[in-house]
Amino acid sequence: MPAHLVRPRPVTTPAAVGVLRRAALPLLGRLPLLADRLTAELAAEEPAYRAAIETDPAGVRREVRRSLRHSVGSLLDPAGSRAAARACSARIGADRASDGMPLDAVLHAFRLGGALVWQALVDEVTARHPEDAHLLVHLAADVWSFVDEHCTCVADAYRRAEHELTRRREDRRRLRVAALLDGSTRIAELPDVAAELELPERGRYAVVLVAGGRGVLPGGLRAVWHPGPDGQCGIVLLAGRTSAALAAACRESTARTPGLRIGISPAVEGLTAIGAARRLAGTALRICPAAGGTVLLDEDLPAALVAATPVLGRLLADRVLGPLLALPPADRDVLLDTLTVWLDCDGSAQRAATRLYCHRNTVLNRLRRCEQLTGLSLTRPGDLVELGLALSAHRLRRP
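This is a predicted model, so every value here is computed, not measured. Within each chain, residue numbers correspond to sequence positions counted from 1 in written order. Totals for whole chains, interfaces and linings use every residue, but because this is a predicted model, local features are given only for residues with pLDDT of at least 70 and side-chain atom pairs only at 80 or more, for both listing and counting. Neither water nor hydrogens contribute to the side-chain values; these are computed over all heavy atoms in the structure.

Trainee: Please clarify how the overall build of the protein should be interpreted in this entry.
Mentor: Summing up its helical and strand segments, the protein has 16 helices and 6 strands in all. A radius of gyration in this sense is built from C-alpha atoms; the matching globule rule multiplies 2.2 Å by the number of residues raised to 0.38. The globule rule puts the C-alpha radius of gyration for 399 residues at 21 Å, and the 37 Å found for the protein is more than 25% above it. Counting only C-alpha atoms, the protein reaches 120 × 55 × 35 Å along its principal axes. Residue contacts are defined here by distance: any two heavy atoms, one from each residue, within 4.5 Å place the two residues in contact. Nonlocal contacts in the protein, meaning residues at least 24 apart in sequence, comprise 70% of its contacts between residues at least 6 apart. A 1.4 Å probe and the Shrake-Rupley method give the accessible areas. Residues count as covered only by the protein chains that appear here. Accessible surface for the protein amounts to roughly 20,900 Å². Of this, 57% is attributable to carbon and sulfur atoms. Positive charge is attributed to Lys and Arg, negative charge to Asp and Glu, and no charge count is given to His or to the chain ends. In this description, the location of a charge corresponds to atom NZ of lysine, CZ of arginine, CG of aspartate or CD of glutamate. Of the charged side chains in the protein, 52 are positive and 44 negative, and the gap between their average positions amounts to 4 Å. A run of DSSP states H or I qualifies as a helix once it reaches four residues; a run of E qualifies as a strand once it reaches two. Both are numbered from the N-terminal end.

Have a look at this one:
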């Protein structure tokens, strides 16, 4: 600020200090009356305090009286009382943050208290020592500087307490979400968990696991997210929608983002089923292609069966596909790709040929060779099921 805009601060003289102490001393005996007056002012002028007074009038009055006692004590003995007065103000700030009272309301209360003390000092001097009234001008800056100092103290303590409360709430929320996802939430805790997460206890849910980025959910769906070792995990409130609609929206997201993988559980009823849904979403994520995509478990249950029992899946792949896997890589990959595409095309050699950019007869020749090597017939339903599961198991093997 430019020097010419700075107003000179009145110099506090020894005579003014003497007037201040003589005026402050009688206020100690009037603290109950002053506390009542300030409490009444707060009830009239500050809605947040009005509610607190209605709830705990004795507690608010004790707080007000304690603060006024420290304020008057600081006027009488600034050096000896400063630390205790600041500690009192800080405690009030922290307590009111814990109560959820707005900071503006607390600061307003302190300014009302400062105005009350100042008016009491003016009344005392003008009533008992009117000849000293002119010295009050030297005291005003000090008194209001004291009020500003304590407002700053209150605000700092309030914000520290608010930050700590927020951290604790977030930690408690994370722990509760984690407990839901691992299925360790106790039945008796569910109402509190539902209230804190703002989720219905008996709602319809799906669990979504996202790896390699962030998924996009349909508009209007509420999700509670939690970080996990295999990606972001979301508890999604379906709110009348189907898990298939959720999967369709997620597929739009994975189509735009290479490497994004999303696994979605079947729909489940109630928060008690979230732990089971989380495990099913994990299975869905495991059968997602490594290059990216969305898997709704309901739509790929055969692959999910294989993924859920990886040891058995490896045994099945080795037994059924062993002769194919033993071929040189180029031959092996051609035959496996042909089998996979042919199954995806519902057994249509013509459609498979179109996708593979080859002649229909080439597809048929490759399929016959697969039959010869594996000993399975592509016309027997049982063999087709076994072959399809073996291919899924082989695809799910991670390098």
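Trainee: When you look at the packing of helix α4 (residues 57-76) against helix α5 (residues 78-99) in this model, what are you seeing that I'm missing?
Mentor: Any two packed helices are characterised by the angle at which their axes cross and by the distance between the axes. The geometry of α4 relative to α5 is characterised by a closest axis approach of 8 Å and an angle of 155° between their N-to-C directions. The orientation of α4 relative to α5 falls into the category roughly antiparallel. Seen from above, α4 lies across α5 with left-handed handedness. Each of V60, E63, R66, S67, H70, G73, S74, L75 and L76 in α4 lies in contact with α5, whose residues at this interface are P78, S81, A84, A85, C88, I92 and R96. When residues are grouped by polarity, Ala, Val, Leu, Ile, Met, Phe, Trp, Tyr, Cys and Pro land in nonpolar, Asp, Glu, Lys and Arg in charged, and all others, Gly among them, in polar. Across the contact of α4 with α5, the residue classes break down as 8 nonpolar, 5 polar and 3 charged. Think of each axis as a best-fit line through the C-alpha atoms, taken over the contacting stretch in the case of a helix, with angles from 0 to 180 degrees between the N-to-C directions. Each angle is binned into one of four classes, with values under 35 degrees roughly parallel, values over 145 roughly antiparallel, values of 65 to 115 roughly perpendicular, and all other values oblique. When the near helix sits turned anticlockwise from the far one by under a right angle, the crossing is termed left-handed; a clockwise turn instead gives a right-handed crossing.

Trainee: Even after reading the chapter, I still don't get the side chain of S377, so can you show me in this structure?
Mentor: When you line up the elements, S377 lands in the loop between α15 (360-374) and α16 (381-396). Owing to a relative accessible area of 14%, S377 belongs among the buried residues under this scheme. Between N or O atoms, a polar contact is any pair within 3.5 Å; within protein, one atom must be a potential hydrogen donor and the other a potential acceptor, and residues adjacent in sequence are included only when both atoms are from side chains. At a separation of 2.7 Å, a polar atom in the side chain of S377 contacts the side chain of T379. Excluding residues within four positions of it along the chain, S377 makes contact with E371 and D383. Partly exposed residues are those whose accessible area sits between 20% and 50% of the maximum for their type, while under 20% is buried and over 50% is exposed, using a 1.4 Å probe and protein chains only.

Trainee: What's the story with helix α3 (residues 47-55) in this structure? I'm lost.
Mentor: Since one α-helical turn is 3.6 residues long, residues separated by three or four positions face the same way. What α3 keeps buried is the set Y49, A52 and I53. For α3, the arc enclosing every buried residue in end-on projection is 100°, short of the 170-degree limit, so these residues lie on one face. Across from the buried face of α3, at angles greater than 90 degrees, the exposed residues are E54 and T55. Buried positions along α3 lie against α2 (31-45), α4, α5 and α6 (103-128). Within this analysis, the arc is defined by the directions that extend from the helix axis to the C-beta atoms.

Trainee: What should I look at first to understand the pairing of strand β2 (residues 222-228) in this one?
Mentor: Across a regular strand the side chains alternate sides, sitting on one face of the sheet and then on the other. Criterion used throughout: strands pair if DSSP finds at least two bridges between them. Summarising the sheet, β2 and strand β3 (residues 231-237) pair through 7 bridges and their orientation is antiparallel. Following the sheet pairing, R222 is matched in β3 by L237. The loop that links β2 with its antiparallel partner β3 comprises 2 residues.

Trainee: Can you help me understand the pairing of strand β4 (residues 261-264) in this one?
Mentor: Covered by surrounding structure in β4 are R261 and G263 together with I262 and I264, the residues of both alternating faces. Bridge analysis of strand β1 (residues 204-211) against β4 gives 4 bridges, and the strand direction is antiparallel. Its bridge partner lying in β4, V208 is registered against I264. Bridge analysis of β4 against strand β6 (residues 293-296) gives 4 bridges, and the strand direction is parallel.

Trainee: What is the right way to read the pattern of salt bridges from this model?
Mentor: Salt bridges are identified by distance alone: a Lys or Arg side-chain nitrogen within 4 Å of an Asp or Glu carboxyl oxygen. In the structure shown here, the tally under the stated rule is 20 salt bridges. Across the pair E149 and R86 runs a salt bridge, and its minimum N-O distance is 3.0 Å. With E149 in helix α7 (residues 137-182) and R86 in helix α5, the pair connects residues that are 63 residues apart, well separated along the chain. The partly exposed category is assigned to E149, whose relative accessible area is 23%.

Trainee: Please explain the nonpolar core as it appears in this structure.
Mentor: Where a protein is soluble and globular, its nonpolar side chains tend to be buried together. If you look at the biggest cluster of nonpolar residues, it comprises 47 residues, and the most contacted ones within it are L42, L68, V106 and L121. Listing elements by their share of this core, those giving two or more residues are α1 (14-24), α2, α3, α4, α5, α6 and α7. Per element, the largest residue contribution to this core is 14 residues, and it comes from α6. Beyond its immediate stretch of four places on either side in the chain, L68 contacts L31, L34, A35, L38, G113 and V117. Side-chain atoms within 4.5 Å link the members of a nonpolar core, which is a set of buried Ala, Val, Leu, Ile, Met, Phe, Trp, Tyr and Cys residues.

Trainee: When you look at unusual backbone geometry in this model, what are you seeing that I'm missing?
Mentor: Trans peptide bonds make up most of the peptide bonds, and negative phi angles are found at most residues other than glycine. At A239, a residue that is not glycine, the phi angle is positive and equals roughly 50°. You can see A239 is positioned in the loop between β3 and α9 (243-256). Judged by relative accessible area, which is 53%, A239 ranks as exposed. Despite not being glycine, D346 shows a phi value in the positive range, around 60°. Counting through the fold element by element, D346 comes out in the loop between α13 (329-344) and α14 (349-356).

Trainee: Before we go on, may I ask you to explain the confidence of the model for the protein in this structure?
Mentor: Any residue range with low pLDDT should be treated as having predicted coordinates unsuitable for detailed reading. Averaged over every residue, the pLDDT of the protein is 87; the share at 70 or more is 94%. On a scale of 0 to 100, pLDDT captures the predictor's confidence in every residue. Between the elements of the protein, mean pLDDT differs from a low of 80, seen in α1, to a high of 94, seen in strand β5 (residues 268-269). Considering only residues more than four positions removed or in separate chains, one finds that residues 1-11, a stretch of pLDDT under 50, has 7 contacts.

Trainee: How should I be thinking about α15 in this particular structure?
Mentor: Given a rise of 1.5 Å per residue, 15 residues ought to cover 21 Å, and the 21 Å separating the end C-alpha atoms of α15 matches this to within 8%. Taken residue by residue, α15 has V363, L367, C370 and T374 as its buried positions. Along the axis of α15, the buried positions cluster into a sector of 55°, meaning they face one direction only. Packing partners of the buried residues in α15 comprise α12 (310-325), α13 and α14. G375 occupies a position one or two residues after α15 and carries a positive phi of about 75°. Here the expected span of a helix is defined as 1.5 Å times the quantity of residues minus one.

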